[in-house]
There are 2 protein chains.
Amino acid sequence: MMNFRAGEVHIAPGEALYHEGDETSYFYTAREGQGVRVKHLPNGGRQVVNFIFPGDVVGLQAILEGAASNSAIAASPMVLCRFEKRRLHELYRNSPDRAYALTWIAAAEEHFLGETIATLGQRNALQRMAWALLKIHHRLSAIGLAREEGDVPLPFKQRDLADAMGLSLVHTNKTLARLRPLATWENGRLRITNKEALAELALTDCALPPDRPLL
Amino acid sequence: MMNFRAGEVHIAPGEALYHEGDETSYFYTAREGQGVRVKHLPNGGRQVVNFIFPGDVVGLQAILEGAASNSAIAASPMVLCRFEKRRLHELYRNSPDRAYALTWIAAAEEHFLGETIATLGQRNALQRMAWALLKIHHRLSAIGLAREEGDVPLPFKQRDLADAMGLSLVHTNKTLARLRPLATWENGRLRITNKEALAELALTDCALPPDRPLL
DNA sequence: CGCGGGTTTGATCCCAGTCAAGTCCCGTGG
DNA sequence: CCACGGGACTTGACTGGGATCAAACCCGCG
């Protein structure tokens with residue numbers, strides 16, 4: 001099998017994998033660490049489009065040609081595999097199964113963004129936070145990052161979560177405080193103590209997409 | 001070339017192409033008419049995830065297996081082509097270019113959903129409406145649905161737009177009224193009279209991130 | 001003429017944004 | 001060793017944008 005990897009990338013917390021507006025010719029898969037994809041608005045607003053966890057594909061929009069519509073920023077030290085987008089055609093010609101997996105991933109991503117849209121559009125602050133914490137915990141658990149005690153690493157700042165849920169920093173903080181008996185997030189680790197109550201709050205039917213095929 | 005079409009579907013305004021929770025084994029491409037993809041929350045909330053215009057692929061998430069995460073509802077009489085998702089593998093094996101195009105479309109969709117997320121998260125009511133009207137008009141113009149006078153067909157209800165932008169119906173109405181000098185939407189047709197002013201309001205352009213220090 | 005769905009408008013309320021301090025903690029340097 | 005500074009997190013007081021409630025209004029239609 002041909003090797004599509006075009007190198008491995010290491011980035012430190014706070015650094016960018018690529019910037020909004022860049023004409024990047026790569027896309028990536030995350031191996032270790034966590035980060036965010038952010039979009040900036042002309043007025044200074046900052047939206048975290050989604051979180052980047054190990055196993056995610058990052059920057060697939062690069063196949064659209066043109067400037068990247070968002071920046072990818074690391075929140076903890078990250079390791080990613082880099083691929084050249086112009087060799088994607090080869091992949092599609094020579095490795096239909098992997099191509100299919102790629103589409104599958106894109107569809108899964110779309111599925112998740114749809115849920116996020118519903119959250120931003122319909123849920124209040126408490127519901128948003130409950131939803132986000134559940135999703136994050138579930139996702140990280142699924143990729144085996146949970147410790148014995150059931151807590152998962154979450155290296156983000158409250159500001160990141162605030163910008164992800166479209167809430168102000170202060171209100172995010174206050175909302176996290178209200179959720180404290182159900183979930184705690186401190187020292188970069190998130191623990192869910194009452195999943196049922198959280199799900200109740202979040203109005204989640206918590207149906208996640210099935211396991212993905214390997215790329 | 002093999003024929004993947006598995007029929008043509010006609011649906012009337014208000015009817016569903018598929019319902020949330022359905023185990024559909026099809027996906028579609030829209031040929032005529034317009035509709036919405038909606039998600040429902042347990043508390044009765046309703047979010048319009050996006051609008052369906054001619055040329056769009058609908059229900060590609062079906063490749064994820066399992067229940068559909070949203071419903072597709074027609075707002076005007078629609079005509080769509082139906083495809084069987086289980087034959088997608090064939091497509092990937094026999095027609096890499098079309099497979100690539102499919103991924104391209106999925107990526108474009110993801111790109112758009114990302115913009116929507118930024119809108120719901122960061123923009124206020126006036127900015128949201130301005131953004132939505134611009135996007136819709138631009139999109140419909142691009143597929144040649146604009147008349148001589150520059151107006152495009154928009155068969156939705158104010159409720160649909162409200163649910164798309166996460167605003168209440170009444171506030172949507174009032175906001176549309178405030179935008180009246182810049183854009184009018186009546187009798188199912190949308191006309192933009194002052195594109196520049198609208199874009200100004202919507203804060204669209206967003207080329208480069210403002211010089212906020214990283215991290 | 002009455003009815004129902006969609007649109008418009010006014011009055012009131014409250015969730016979340018903003019402003020402003022203050023605390024905790026860690027790294028740096030005197 | 002402590003003083004200092006800066007970044008993240010907390011907390012309280014105030015404000016306002018948008019939700020909610022409640023009526024009209026404006027059709028097309030039976």
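Given the structure is predicted, the values throughout are model-derived calculations rather than measurements.

The rules we used
Residues numbered from 1 in each chain as written. Chains lettered and ligands numbered in written order. Predicted model: local features only at pLDDT ≥ 70, side-chain atom pairs only at ≥ 80, totals over all residues. Heavy atoms only, no water. Phe/Tyr/Trp six-rings, centres within 6.5 Å; stacked < 30°, edge-to-face > 60°. Buried < 20%, exposed > 50% of the residue type's maximum accessible area, 1.4 Å probe, protein only. Lys NZ or Arg CZ within 6 Å of the ring centre and 35° of its normal. Near = heavy atom within 4 Å. Polar contact = N/O pair within 3.5 Å; in protein donor to acceptor, adjacent residues only side chain to side chain. Helix = DSSP H or I, 4+ residues; strand = E, 2+ residues; numbered from the N terminus. Lys, Arg positive; Asp, Glu negative; His and termini not counted. Salt bridge = Lys/Arg side-chain N within 4 Å of Asp/Glu carboxyl O. Contact = heavy atoms within 4.5 Å. Buried area = accessible area lost by both parts, 1.4 Å probe. Nonpolar A, V, L, I, M, F, W, Y, C, P; charged D, E, K, R; others polar. Least-squares fit on C-alpha atoms with pLDDT ≥ 70 in both.

Q: Explain the packing of aromatic side chains to me, please; I cannot follow it from the model alone.
A: In the structure shown here, the tally under the stated rule is 12 aromatic pairs over all chains. For the pair F51 of chain A and F53 of chain A, a centre-to-centre distance of 6.3 Å together with 15 degrees between the ring planes defines the contact as stacked. Here F51 of chain A matches F53 of chain A in class, with each residue buried. Pairwise contacts between aromatic rings join Y92 and Y100 of chain A together with Y92 and Y100 of chain B into one cluster. In this structure, R82 of chain A packs its charged tip against the face of Y26 of chain A, placed 4.2 Å from the ring centre.

Q: For this particular structure, what's the right way to read the protein's contact with DNA strand C?
A: The immediate surroundings of DNA strand C are formed by 13 residues, with N124, A125, S168 and V170 of chain A together with Q158 of chain B found nearest. Expressed as a percentage, the sugar and phosphate content of the atoms of DNA strand C within 4 Å of the protein is 59%. Within the backbone of A125 of chain A, one N or O atom sits 2.7 Å away from a phosphate oxygen of DNA strand C. The backbone of G166 of chain A places a nitrogen or oxygen atom 3.4 Å from a phosphate oxygen of DNA strand C. Going through the elements one at a time, α5 (169-179) of chain A together with α5 (169-178) of chain B are the ones with two or more residues in the surface near DNA strand C. When residues in the surface near DNA strand C are grouped by element, the largest group, three residues, is from α5 of chain B.

Q: I tried to follow the side chain of K39 of chain A on my own but got confused; where do I start?
A: Looking at the element boundaries, K39 of chain A is found in strand β4 (residues 35-40). Despite being buried, K39 of chain A has no salt bridge partner; E115 of chain B is the closest side chain of opposite charge, sitting 4.8 Å away. A distance of 3.2 Å separates a polar side-chain atom of K39 of chain A from the backbone oxygen of S69 of chain A. Excluding residues that lie within four positions of it along the chain, K39 of chain A makes contacts with E20, G45, R46, Q47, V49, S69 and N70 of chain A together with G114, E115 and A118 of chain B.

Q: I would appreciate a short explanation of the interface of chain A and chain B in the present structure.
A: One widely used convention gives an interface's size as the accessible area the parts lose upon coming together. Facing 53 residues of chain A, the contacting portion of chain B comprises 53 residues. A combined buried area of about 5,200 Å² lies between chain A and chain B, and 71% of that area is made up of carbon and sulfur atoms. When the buried area of chain A at its contact with chain B is split by residue, Y100, E110 and I117 of chain A rank highest and sum to 15% of it. Our count for the contact surface shared by chain A and chain B stands at two salt bridges. The salt bridge involving R37 of chain A is made with E110 of chain B; its shortest N-O contact spans 3.5 Å.

Q: Honestly, the pattern of salt bridges in this entry has me stumped. Any pointers?
A: For side chains bearing opposite charge, pairing can occur when the charged atoms are close. Residues and elements named next belong to chain A. Applying the stated criterion to the full structure yields 28 salt bridges over all chains. Where R37 meets E109, a salt bridge forms, and the shortest distance between an N and an O atom there is 3.2 Å. Highlighted residues: R37 in strand β4 and E109 in helix α2 (residues 96-122), separated in sequence by 72 residues. With respect to class, R37 is no different from E109; both count as buried. In this structure, K135 engages E115 in a salt bridge whose closest nitrogen and oxygen atoms are separated by 2.9 Å. One end of the pair, K135, is in helix α3 (residues 125-142); the other, E115, is in helix α2, with 20 residues separating them in the sequence.

Q: What exactly am I supposed to notice about the protein's contact with DNA strand D here?
A: Residues in close proximity to DNA strand D total 13 residues, the closest being Q158 of chain A together with N124, A125, S168 and V170 of chain B. A distance of 3.3 Å separates a base nitrogen of DNA strand D from a polar atom in the side chain of K174 of chain A. If you list the elements that add at least two residues to the surface near DNA strand D, you get α5 of chain A together with α5 of chain B. The element contributing the most residues to the surface near DNA strand D is α5 of chain A, with three residues. Looking at the surface near DNA strand D residue by residue, the classes come out as four nonpolar, six polar and three charged.

Q: What is the right way to read the relation of the copies chain A and chain B from this model?
A: Relating the two copies of this chain is a rotation about some axis coupled with a shift parallel to it. Of the two same-sequence chains, chain A is brought onto chain B (RMSD 0.0 Å, axial shift 0.0 Å) by a rotation of 180 degrees. With respect to symmetry, the two chain copies, as superposed, fit the operation of a two-fold axis. Take the interface residues of chain A: 85% of them recur as interface residues in chain B, which is what a same-surface contact looks like.

Taken by themselves, the reported measurements are silent on function.
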